[in-house]
Amino acid sequence: MGSTSIFLALALAGTVIFGFGLVLSIGWARRLQGRHKLLERDIRRLKEALEAAPDAFVYYDEDDHLVFCNEKYRQAYPESAQAIREGASFEDILRFGLDNNQYAEARGREEEWLASRLTMHRNPPGPIEQKMPDGRWLRIEESRTAEGGVVGFRVDITELKKREVDLKASQHRFKTMIDASMDAILVIDHHGKLIEFNPAAEQIFGYKRRKVIGRDMAELIIPEEFREAHAKGMENYLNTGVGPVLGQRLELSAVRSDGKILPVELFVAEGVQDGQSVFVGYLRDITERVEATGKLEEALAQAQTANEAKSTFLANMSHEIRTPLNGMLGMAGMLMNSELTPKQKHLLKTVRASGDELLSIINGILDFSKLEANQISLEDNRFSIHELLEDVVELFWANAREKGLYLSQFADVTVPPILIGDAGRVRQVIANLVGNAVKFTNSGGVRLGAEVIEQSREHCLLAITVQDTGIGIAREEHENLFGRFSQVGDKGPRGQGVGLGLAISRQLCQLMQGELTVESDLGRGATFTATLKLQRVQEDPVSLVFPDEIIGISFILALPENLYADSVRQQLKPFGGRIETVVDLDALAQLSERNQTEDQPTILIIDDGLLVDTEVSAATLFSGLRRRLGDLKIVLIEGMKESLVDPDLIDHCLTRPVRYRTMLMRLLEMLGQNASALLPPHMRTEEEEDVCFEESYRILVAEDNLTNQELVKMMLEQMGHLVDICSDGAEVVTLCMAFDYDLILMDVQMPVMDGYEATRQIRALDPPKGQIPIIALTANVLREHQEKCAAAGMDGFTTKPISEASLGHAIKKVMDPGKVGEEADLPGQHQAPGNIQGLLDMQKINSIQARLAPDKFEMISSIFLQELGALREQFAQIPETSEQLGSLAHQLKGAAANFGAPAVSAAAARLELKAENEELEALDDLRNQLITLCEETETALRKLT
């Protein structure tokens, strides 16, 4: 190749190499430019992150020149903000701040402070705290980088410092309180070591704080005999978290440093310190209180003795005074019935009235002394509030009539016919209120009423109101009425008496869980309201139901006072007819004209007070009414001393005060009804409740009271029964085993062995001895007591005082339940064969049958027989464990009671009770008895159906 060719080749090669180098340079430049952009982006992101940080950030290079800071750093030092810029030295920035008084702690020693701060900046010692002029606190945290720069943070700790100051202040206050406390305050850790012992503890226990801190608290202040129990209690609490002492105020003994035992009141609370339990004990020396309590108890005992002596004295004196006083009053009563001159009768009447007043005062003082000594206990007996109200009205009727006052009473239809409570005390409260009302009323009258405020299955809250039209009582004197020996209106008629009646009445109301209040104004009469909480009887009373032919009878009431008419209106509501009321003869004539076209029976009840001083004679009035009204029957309520009406002009006459039962009987008889048969049991007299027996029973009477023995024996023999008497429960069991009795009447409270235990022992005997019917004789009518008798195994229950009617019905119910209260069996009802006596409650079964179709009753009977058989087999198979037997007995008890198998139900109840009490030794015998009863009841029921 020639030189030209070589040159061209070299030139070409050089061109290629240069071009390739150029290409490489351009590539590297582009890559560097890209990395630079990434670096700028990362730096920008880092700055954004630091700006968003919650704290101030700064970075100085190795020469202490500012490289970067966020805005929060400038905000942290507002006086130096314009000096804080990139490139400025740390020292220059500090001096600028010093010149602007930015650093409070540097004032007066600026150069010294500057040198110290620069040293700490160049050799960071760790976090330091800095107070700013505006009160803020900053925590400075700085550290050196590997290149020698300084990275720093400024954290605002103002709130933290404030809490720290508050905490120190709180700790100071707490320590001051502990030191100033009059109670000893001891704090122990979970090992029982003392960690706090305040000055009061030093004074009470005689130790110095510095010598007891860290020592075992129990060894210092707990008496030696209690230390082991304390240690076990601490251990148990730390292991289980259960401690009976925590949060309780306890009185116990502690020991001083000198060994003296002192009584203290202790309260222990738990806290936590360093994750461990600590216990704070507050102890108070109660030596003086204990001594004072002892003296007070001694004084109270002496006062109680004196009070009892006073009450005994008052009781004896009142008895001694009342005995001759009753004799005097009795003789005065007899003299009143003898031939006396008018003057002698007047004088004798004054003597008797004065004697009655004296007797009332004596009784009031005696009641007051009993109440003051808490010696009055309330009795529980059945009574009719309706009859009680009538009794009180009857008691004060003569006094009211003499003053020309009406006196009426009514009980709302919601008031139960029979209640349980202390009838005597209820009567006392009502009589006091009515007596006061009559005494302080000069015109108009007094109305006595009863209504239910609220009631449940067990209780009834009753409101008894006594409303009068008397002189009234100023409102400012209402509370004074109920004070002891307190009266209002001393210058007027309210000043009579000794001022005890209302005080005693209010206390009696409170004893019966009620209250006595008054609503009155001077000159506007008064209304006293006594609320009483009484018990309800558990059996539902029979309602008053009239035949269809007398339902809808219309009544016209011609009565002079609206309150009086309201009472009679309430009593006539069961007739279901219209009741019109008039208050004078003119209104009666107008009402008659309006009623003359109505074709329905009408009864006029007219008070003879309307016939006084009238121009129209009774004969003219009544004949005119009958002519216009047609079928009109007239009942005259007579209250005048002398009759104003010829008996031939009226159909019936009632004498005021009219009792509800009496008026009802007369109205029913006038309408041609058998009144005694229509009255419900609670309204019948004993004569109307006569019980006859078709056969004679041999009856064992267990009663320890001789009078009751003779009384019950006489009643039973009059019924045609053979009677044996014994005096205690052990004798009952012996006689029951020796002779064959049809029935036992069992007093529940007897010596040697009570009626409950005697019944249980009899029920443990083999049949038929163990199945003899037993009726409880008791004065307690509470439901709980009846349940206790049933649980012991008794079949019936009758209360003292015993009447022949109530005793006969109790025997009839147990011995012949299918005929209690019946003249004969109802059509379609079963009659019990002789061998199922006591096994089936025929009244219950007949009641079920009456409500069901025949096929439905047979189906129910079949289901009960299957259930009875299944339960009997389960009793025979299950092991003798109290829980299983009790559960099964409870199931059988309910089923048998619902269908009418009382013997099985009672036996199951006894077994359930023994199982609940875990009396395992009795379970086997009771189970066998129950199985036998189930078999006998099945047989009896199959014969019946």
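- By the naming in an unreviewed UniProt entry, the chain is Sensory/regulatory protein RpfC, taken from Aestuariispira insulae.
- What UniProt records for the chain under Subunit (unreviewed entry) is the sentence "At low DSF concentrations, interacts with RpfF."

**Looking at the overall build of the chain**
And then number 1: Along the chain, the regular secondary structure elements total 29 helices and 27 strands.
And then number 2: Taking all 945 residues of the chain together, the buried fraction comes to 41%.
And then number 3: Partitioning the contacts of the chain with sequence separation of at least 6, the portion at a separation of at least 24 is 59%.
And then number 4: Of the roughly 51,100 Å² of accessible surface on the chain, a fraction of 52% belongs to carbon and sulfur atoms.

**What to know about the sheet that holds strand S3 (residues 128-131)**
And then number 1: Ordered by their spatial adjacency, five strands build an open sheet running S2-S1-S5-S4-S3, and the pairing between neighbours is antiparallel. Single-partner strands in this sheet number two, and they are strand S2 (66-69) and S3. Ignoring strand direction, the axes of neighbouring strands in this sheet form an average angle of 25 degrees.
And then number 2: The pairing of S3 with strand S4 (residues 137-144) spans four bridges and is antiparallel. Note on S4: the bridge partner recorded for Lys131 is Trp137.
And then number 3: Of the strands in this sheet, strand S1 (56-60), S3, S4 and strand S5 (150-156) are in contact with helix H4 (residues 110-122), which crosses S4 at around 50 degrees.

**Remarks on the environment of Ile93**
And then number 1: With respect to the element layout, Ile93 can be found in helix H3 (residues 90-99).
And then number 2: A relative accessible area of 4% means that Ile93 is categorised as buried.
And then number 3: With 13 residues separating them along the chain, Ile93 and Ser80 place their C-alpha atoms 6.7 Å apart.
And then number 4: Residues in contact with Ile93, not counting those within four places in the same chain, are Tyr60, Leu66, Ser80, Ala83, Ile84 and Ala88.

**What about the pattern of salt bridges?**
And then number 1: Under the counting rule described, the total for this entry stands at 28 salt bridges.
And then number 2: As a salt-bridge pair, Lys769 and Asp740 come within 2.8 Å of each other at their nearest N and O atoms. Of the two residues, Lys769 is situated in the loop between helix H22 (755-763) and strand S26 (774-778) and Asp740 in the loop between helix H21 (729-738) and strand S25 (743-747); the sequence distance between them amounts to 29 residues.
And then number 3: Classification of Asp740 as exposed rests on a relative accessible area of 60%.

**Overview of the sheet that holds strand S24 (residues 722-726)**
And then number 1: In space, the five strands of this open sheet follow the order S24-S23-S25-S26-S27, with parallel pairing throughout. Edge positions in the sheet fall to S24 and strand S27 (796-799), since each has one partner strand and no second. In this sheet, neighbouring strand axes are inclined to one another by 20 degrees on average, regardless of whether the strands run parallel or antiparallel.
And then number 2: In terms of strand pairing, strand S23 (residues 698-702) meets S25 through four bridges, oriented parallel. In the sheet register, Val701 faces S25, and the bridge partner there is Leu745.

**A closer look at the packing of aromatic side chains**
And then number 1: By the definition in use, this model includes nine aromatic pairs.
And then number 2: Plain terms: the ring middles of Phe57 and Phe68 are 6.2 Å apart, the flat faces sit at 45 degrees to each other, and that makes the pair tilted. Remark: Phe68 occurs in strand S2 and Phe57 occurs in strand S1; sequence separation between them is eleven residues. Of the two residues, Phe57 and Phe68, both sit in the buried class.
And then number 3: Judged by centre distance (6.3 Å) and plane angle (70 degrees), the rings of Phe739 and Tyr741 are edge-to-face.
And then number 4: For Tyr741, a relative accessible area of 7% corresponds to the buried category.
And then number 5: In this structure an aromatic cluster arises from ring pairing among Tyr73, Tyr77, Tyr103 and Trp113.
And then number 6: Taking the ring centre of Trp137 as reference, the NZ or CZ of Lys161 above it sits at 4.5 Å.
And then number 7: For Lys788, the ring lying beneath its charged end belongs to Tyr756, and the centroid distance is 4.4 Å.

**Considering the confidence of the model for the chain**
And then number 1: Averaged over every residue, the pLDDT of the chain is 77; the share at 70 or more is 78%.
And then number 2: The model gives residues 1-16 a pLDDT under 50, and that stretch makes one contact with residues more than four places away or in other chains.
And then number 3: Segment residues 818-837 is flagged for pLDDT under 50; beyond a separation of four residues in sequence, or across chains, it makes 29 contacts in the model.

**A closer look at the environment of Val723**
And then number 1: Turning to its location among the elements, Val723 is positioned in strand S24.
And then number 2: Accessibility expressed as a relative area gives 14% for Val723, which makes it buried.
And then number 3: As for Val723 and Tyr741, which are separated by 18 residues in sequence, their C-alpha atoms are 9.6 Å apart.
And then number 4: Excluding its chain neighbours within four sequence positions, the residues that come into contact with Val723 are Ile699, Val701, Lys713, Leu716 and Glu717.

**Re the packing of helix H12 (residues 385-402) against helix H13 (residues 423-439)**
And then number 1: Across the interface, H12 lies against H13 with an axial gap of 10 Å and an inter-helix angle of 35 degrees. Between H12 and H13 lies a crossing of right-handed hand. Along the contact surface, H12 presents Ile385, Leu388, Leu389, Asp391, Val392, Phe396, Asn399 and Ala400, while H13 presents Ala423, Val426, Arg427, Ile430, Ala431, Val434, Gly435 and Val438.
And then number 2: In terms of residue class, the contact of H12 with H13 is built from twelve nonpolar, two polar and two charged.

**Topic: the pairing of strand S18 (residues 554-558)**
And then number 1: With five of five residues buried, S18 lies mostly within the body of the structure.
And then number 2: Every second residue of S18 is oriented toward a common face, with Ser554, Ile556 and Ala558 on one face and Phe555 and Leu557 on the other, all of them buried.
And then number 3: Relative to strand S20 (residues 602-607), S18 is paired through five bridges, and the arrangement is parallel. Of the residues in S20, the one forming a bridge with Phe555 is Ile603.
And then number 4: Both S18 and strand S19 (residues 579-582) contribute to a ladder of four bridges, which runs parallel. Looking at the pairing, Ile556 lines up with Glu580 of S19.

**Description of the pairing of S2**
And then number 1: Alignment of S1 against S2, held across three bridges, turns out to be antiparallel. Considered in S2, the bridge of Tyr59 is made with Phe68.
And then number 2: The antiparallel hairpin formed by S1 and S2 contains five residues in its connecting segment, where Asp64 sits at a positive phi of about 65 degrees.

**Details of unusual backbone geometry**
And then number 1: In this chain, Pro767 is followed by Pro768 through a cis amide linkage whose omega measures 0 degrees.
And then number 2: Checked against the element boundaries, Pro768 lands in the loop between H22 and S26.
And then number 3: A positive phi angle, near 65 degrees, is found at Asp64, a position not held by glycine.
And then number 4: Within the element layout of this structure, Asp64 appears in the loop between S1 and S2.
And then number 5: Not every positive phi belongs to a glycine, and Gln513 is a case in point at roughly 60 degrees.
And then number 6: Turning to its location among the elements, Gln513 is positioned in the loop between helix H14 (501-511) and strand S16 (515-520).
And then number 7: Look at Gln513 and you get exposed, because its relative accessible area is 56%.

About the criteria used
Residues numbered from 1 in each chain as written. Predicted model: local features only at pLDDT ≥ 70, side-chain atom pairs only at ≥ 80, totals over all residues. Heavy atoms only, no water. UniProt positions renumbered as here; feature names shortened; annotations may be inferred. Helix = DSSP H or I, 4+ residues; strand = E, 2+ residues; numbered from the N terminus. Buried < 20%, exposed > 50% of the residue type's maximum accessible area, 1.4 Å probe, protein only. Contact = heavy atoms within 4.5 Å. Areas by Shrake-Rupley, 256 points an atom, 1.4 Å probe, with all protein chains shown as cover. Pairing = 2+ DSSP bridges. Axes fitted to C-alpha atoms, helices over the stretch in contact; angles between N-to-C directions. Salt bridge = Lys/Arg side-chain N within 4 Å of Asp/Glu carboxyl O. Phe/Tyr/Trp six-rings, centres within 6.5 Å; stacked < 30°, edge-to-face > 60°. Lys NZ or Arg CZ within 6 Å of the ring centre and 35° of its normal. pLDDT = per-residue confidence, 0-100. Left-handed = near helix turned anticlockwise from the far one by under 90°. Nonpolar A, V, L, I, M, F, W, Y, C, P; charged D, E, K, R; others polar.

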